[in-house]
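Structural overview
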Amino acid sequence: MLDALKSIWVFHVTQGALSTKISGNTTPAKVVVPLLPRKVTNMKLNNQYYTYAQLDSFMHAAAATVTNEDFVAKRKIEYVNIPCAFDIETSSFYEGDEKRACCYCWQFGFNGLVIIGRNLRTEFPALVSAIATTFELSMSRRLICYVHNLSYEFQWIRKMFMWTEIMANNIRQPFKAVTSIGVEFRCSYLLSSYGLEIVAKNLRNHNIRKLTEKMDYDEIRHSETQLTNDEISYAVNDVLIVMAYISEEIEVAGGAIYDVPLTNTGRVRNYCKKNSKTYKKMLRYRCTLSTESYIIAKKAFQGGFTHANSRYVGKTLSNVGSYDFTSSYPYVMVSEKFPMSTPHLLKIQSIEQFKFAMKHKCCIFQITFFDVQSVANDNFISVYRCENLVNPVLDNGRIFSAAELTTTITELDFEIIAATYKFSHFSIGVFYICDKDYLPLQFVQNILKLYSDKTTLKGVAGKELEYQTSKGMLNSCYGMCVTDIVRDEYGYDNDAAEWTCDKPDLAEKIYEYNTDNNRFLFYLWGVYVTAYARYNLITNIIKLGGDYVYADTDSIKFLSVDKNKHIFEDYNQSVMDKLKQVAAERKIYFDLFQPKTIKGVAKLLGVFDFEGVYTQFKTLGAKRYCYTGDHGDLHLTVAGVNKKTGVHALQSIDDFDFDFVFSAEHCGKLTHTYLDDEFSGVVVDKYGDSAQYHELSAIHLEKAEYHMSITTDYELFLQSFEGVEVTQL
């Protein structure tokens, strides 16, 4: 069979750079690719790279790198304990009006070796089958292969294999996919949370970089296109980077690939779970949920506050100051008191009872406000969190006024609403209360350890991996708290070749959650993490009055810097005082709250850091702003537009307006179109040469424009403030 397959190319590797153009059916050519400089986790490096025409040789070489010591077992499943990687290169084009795409090159890395092919549909399944046969893989003996953004490659290969297990965050978003022959694909992007270029920069033991400058993605290529040395080196490097990254992850995990977590959130979950023995039993008995309390808690959950003062939207402002929180979420997790008991229903019968509960308990409740009118310089009630909304006036997704609205909030949210809106009266619906206390000491110590590592390891030579790991884990401490208890279950139907989505039984999932012996978190903690963070942000926004311009989760932009500087200094002092109190009450060494950088500077957790003053600043709403720095350099943040490429579309800050269009070249984003049905045809490449293509399924990628549009309602709302002086609260 192998003799009958079309020869693609054969080449050897030496130190240096690629120097030979390579095409189909050529004689062997000497080329150069960067080599992994040292073996990690028994990864042996070979000086020869293989093409699919040399599959037999590749398999012999691959088998020679594996010994009996490279098999590790966990829970009755044996794993080949080596780094593996898979990647594809594709072109998107049109055939008439139909979107089409083809894979012109695939590459597979095995323990330092790389094999490359040109026909994904026929060659890759044969390679996987050969690997399964060589290493006697099965459901109880597996090879884990990492793909950087598995959701993309999976769409191309999903019809090539029988899948026995799929784990996915959503339809078309798998992070683990197991074939019936024992090859298990995992997503290295969700493990690292970084693009491949940054992953390469963060490698500790390998000197490899992503060769992004060597690839023109707009050029059409197919399986018979002559590939240049740059294109080959680009393809090879991608799998080398992933293999190097996974080899280092195996080291971090203690030497066994089965202990490498599935995602970055899973990494911190495993870390905290190991250090939670003292309180897990308490959670099972004291911190449980009913289906009703879970539903109310989920309604009460909100993310960070991101919005603009409508009075300044579309206006170019001068000398705008900016402050950022230092680790806002970790700060509230170690300093505030959270729900620490099972929620209980309370029937509110008087305003005195309501005030008492709000002062002494964590409260999650449904409330209806009547004749609501904003009295602040921004509006904090989200329309997406409202029910029974009557005659609303909206400020870009926030309530400016309404005859009536019903929402679900915490006592912290109520305090903000009471300070920034006037209303004739309100009525209380379902009202849950919980006992209030600090988070378990072990959990707090985990957070402080990660914050300390992030602070002390930044910039330390040889500690880059530890720094990036601790930084990612610290950021994930909050994320794992708000992981939904009841999630849709996604799968893949092999016979129908399509994704499935099953709705779980709510009561069953809540019961499993409550009785889980390994549970070390409480969903209500996540609800309150964001509530406290919003409270801290918004209380400072209120103090700024009419000088407040824009806020985004953990940062504030404002006018009159010198006049308002004391607001942030006072807040920072309150943070210091609160952390000292917590340290004393909980007997925690205070320096853990303010570890020192490599330069010996103490970094107190939770304070505002002064980012600087923007010479000019302009916002067009949430996640839409532009500013100039001290040297006149322009900076851009627009959701849906790449920061680096998008800013080059602007000649000046004056160009940034609602009628501006970021071209497809500057936008930097791609429209994904899923091609689910098998298709074939003929495509002409960049050289004018034609070839047949045939894909079982694919993704068409296309650069897209981005229009800085504005809704009619928001435009009318902004016009209502024209000529109105900004108030000082």
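A brief structural summary. Since the model is a prediction, treat every value here as computed from it, not as a measurement. (Residues numbered from 1 in each chain as written. Predicted model: local features only at pLDDT ≥ 70, side-chain atom pairs only at ≥ 80, totals over all residues. Heavy atoms only, no water.)

**Considerations on the overall build of the protein chain**
As a reminder, the rule being used: In this text, helices come from DSSP runs of H or I with a minimum length of four residues, and strands from runs of E with a minimum of two, each type numbered from the N-terminal end. Note that the radius of gyration is over C-alpha atoms, with the globule rule given as 2.2 Å times the number of residues to the power 0.38. Working definition: with a 1.4 Å probe on protein chains only, accessible area under 20% of the residue-type maximum means buried, over 50% means exposed, and in between means partly exposed. Contacts were defined at the residue level, with two residues in contact if any of their heavy atoms lie within 4.5 Å.
Helices and strands together make up the secondary structure of the protein chain, namely 20 helices and 36 strands. For 729 residues, the compact-globule estimate of 2.2 N^0.38 gives 27 Å, and the C-alpha radius of gyration of the protein chain, at 28 Å, lies within 12% of that figure. Looking at the protein chain as a whole, 55% of its 729 residues qualify as buried. Within the protein chain, contacts between residues at least 6 apart in sequence are counted, and of these 73% link residues at least 24 apart.

**Regarding helix α3 (residues 150–157)**
Owing to its 3.6 residues per turn, the α-helix brings residues three or four apart onto one side. Here α3 lies mainly inside the structure; eight of its eight residues are buried. By the burial criterion, the buried members of α3 are Leu 150, Ser 151, Tyr 152, Glu 153, Phe 154, Gln 155, Trp 156 and Ile 157.

**Side note on the nonpolar core**
Put simply, the rule reads: By nonpolar core is meant a set of buried Ala, Val, Leu, Ile, Met, Phe, Trp, Tyr and Cys residues that side-chain atoms within 4.5 Å join together.
Counting 84 residues, the largest nonpolar core has Met 333, Phe 443, Tyr 523, Trp 525, Ile 556 and Phe 593 as the members making the most contacts within it. In terms of residues, this core owes the most to one element, helix α16 (residues 523–544), which gives 13 residues. When sequence neighbours within four positions are dropped, the list of residues in contact with Phe 443 reads Cys 272, Tyr 279, Met 333, Met 480, Cys 481, Leu 521 and Trp 525. Listed in part, the 61 residues of the second largest apolar core include Ala 62, Phe 71, Phe 93 and Tyr 492.

**Looking at the packing of aromatic side chains**
Applied cut-off: Aromatic pairing here means that ring centres of Phe, Tyr or Trp (its six-membered ring) are within 6.5 Å. Orientation follows from the plane angle: under 30 degrees is stacked, over 60 is edge-to-face, and everything else is tilted. Placement of a charge over a ring requires the Lys NZ or Arg CZ to be within 6 Å of the ring centre, with the centre-to-atom vector within 35 degrees of the ring normal.
Within the structure shown, the criterion is met by 57 aromatic pairs. Ring centres 5.2 Å apart and planes at 80° place the aromatic pair Phe 354 and Phe 414 in the edge-to-face group. Residue Phe 354 is found in helix α11 (residues 351–360), and its partner Phe 414 is found in helix α12 (residues 411–420); the two are separated by 60 residues along the sequence. Phe 414 carries the same exposure label as Phe 354, and that label is buried. Taken together, a centroid distance of 6.4 Å and an interplanar angle of 90° make the contact between Phe 522 and Trp 525 edge-to-face. Put simply, the rings of Tyr 52, Phe 86, Trp 106, Phe 108, Phe 124, Phe 154, Phe 161, Trp 163, Phe 185, Tyr 492 and Trp 499 touch in pairs and so form one group of aromatic residues. Here the basic side chain of Arg 172 rests over the ring of Tyr 674, its NZ or CZ set 4.1 Å away from the ring centre.

**Points about the environment of Ile 208**
In this fold, Ile 208 is placed in the loop between α5 (196–201) and α6 (229–252). Taking the C-alpha atoms as reference, Ile 208 lies 48 Å from Met 282; in sequence the two are 74 residues apart.

**Quick notes on unusual backbone geometry**
If you check the backbone angles, Asn 111 has positive phi at about 50° while not being a glycine. Positionally, Asn 111 belongs in the loop between β7 (98–110) and β8 (113–117). For Asn 111, a relative accessible area of 0% corresponds to the buried category. A positive phi angle is found at Asn 391, which is not glycine, with a value near 50°. By the secondary structure assignment, Asn 391 is in the loop between β18 (386–390) and β19 (393–395). Take Asn 391: its relative accessible area is 61%, and that puts it in the exposed class.

**So, α12**
Counting buried residues in α12 gives seven out of ten residues, a clear majority hidden from the surface. Of all the residues in α12, the buried ones are Glu 411, Leu 412, Asp 413, Phe 414, Ile 416, Ile 417 and Thr 420.

**A short note on the sheet that holds strand β13 (residues 306–308)**
Note the threshold: For two strands to be treated as a pair, DSSP must find no fewer than two bridges joining them. For every element, the axis is a line fit to its C-alpha atoms; helices are fit only across the contacting stretch, and the angle between N-to-C directions ranges from 0 to 180 degrees.
Pairing is antiparallel in the open sheet, where seven strands are placed in the order β13-β26-β27-β14-β28-β29-β30. Each end of this open sheet is capped by a strand with a single partner; those strands are β13 and β30 (634–638). In this sheet, adjacent strand axes meet at a mean angle of 30° when their direction is disregarded. Two strands pair when backbone bridges link them, and β13 and strand β26 (residues 548–552) are joined in this way by three bridges, in the antiparallel orientation. Paired with Ala 308 across the bridge in β26 is Tyr 550. Of the strands in this sheet, β14 (317–325), β26, β27 (555–558) and β28 (608–621) are in contact with α16, which crosses β27 at around 10°.

**Observations regarding the side chain of Thr 420**
For Thr 420, the location among the structural elements is in helix α12. Non-local contacts of Thr 420, meaning those with residues more than four positions away in its chain, are made with Gln 373, Ser 374, Val 375, Ala 376, Phe 380 and Ile 542.

**Some points on the packing of helix α1 (residues 55–64) against helix α2 (residues 120–134)**
What counts, and what does not: Roughly parallel means an angle under 35 degrees; roughly antiparallel, over 145; roughly perpendicular, 65 to 115; everything else is oblique. Should the near helix be turned anticlockwise from the far one by less than a right angle, the crossing is left-handed, and should it be turned clockwise, the crossing is right-handed. Polar here means any residue other than Ala, Val, Leu, Ile, Met, Phe, Trp, Tyr, Cys and Pro, which are nonpolar, and Asp, Glu, Lys and Arg, which are charged; Gly is therefore polar.
Following both chains from N to C, one finds α1 and α2 inclined at 40°, their axes separated by 11 Å at the closest point. Judged on the interaxial angle alone, α2 and α1 are oblique. Our pair here, α1 against α2, has a crossing hand that is right-handed. Contacts between α1 and α2 involve Leu 55, Phe 58, Met 59 and Ala 63 from the first element and Leu 127, Ala 130, Ile 131 and Thr 134 from the second. The residue makeup of the contact of α1 with α2, split by class, is seven nonpolar, one polar and no charged.

**Quick notes on the environment of Thr 179**
Just so we agree on the cut-off: Two N or O atoms form a polar contact when they lie within 3.5 Å of each other; inside protein one atom must be a possible hydrogen donor and the other a possible acceptor, and for residues adjacent in sequence the pair counts only when both atoms belong to side chains.
Position of Thr 179 among the secondary structure elements: in strand β11 (residues 173–179). Judged by relative accessible area, which is 1%, Thr 179 ranks as buried. Spatially, the C-alpha atoms of Thr 179 and Ile 166 are 9.2 Å apart, while their sequence positions differ by 13 residues. Leaving out residues up to four positions away in the same chain, Thr 179 has contacts with Met 139, Phe 161, Met 162, Trp 163, Thr 164 and Phe 185. Engagement of the side chain of Thr 179 in a polar contact is seen with the backbone oxygen of Val 183, the distance being 2.9 Å.

**Here's the deal with the pairing of strand β25 (residues 498–502)**
The pairing of strand β24 (residues 489–493) with β25 spans five bridges and is classified as antiparallel. When the bridges of β25 are listed, Asp 493 appears paired with Glu 498.

**Some details on the pairing of β11**
Among the seven residues that make up β11, six are buried, leaving the element largely enclosed by the rest of the structure. Here six bridges tie strand β10 (residues 163–170) to β11, and the two strands are oriented antiparallel to one another. Bridging from a neighbouring strand, Ile 166 pairs with Ala 177 of β11. Between β10 and β11, which follow one another and run antiparallel, lie two residues, and Arg 172 among them has a positive phi close to 70°. Across three bridges, the pairing between β11 and strand β12 (residues 183–187) is antiparallel. Its bridge partner being in β12, Lys 176 is matched across the sheet by Arg 186. Counting the residues between successive antiparallel strands, the hairpin from β11 to β12 contains three residues, one of them, Gly 182, with a positive phi of roughly 100°.

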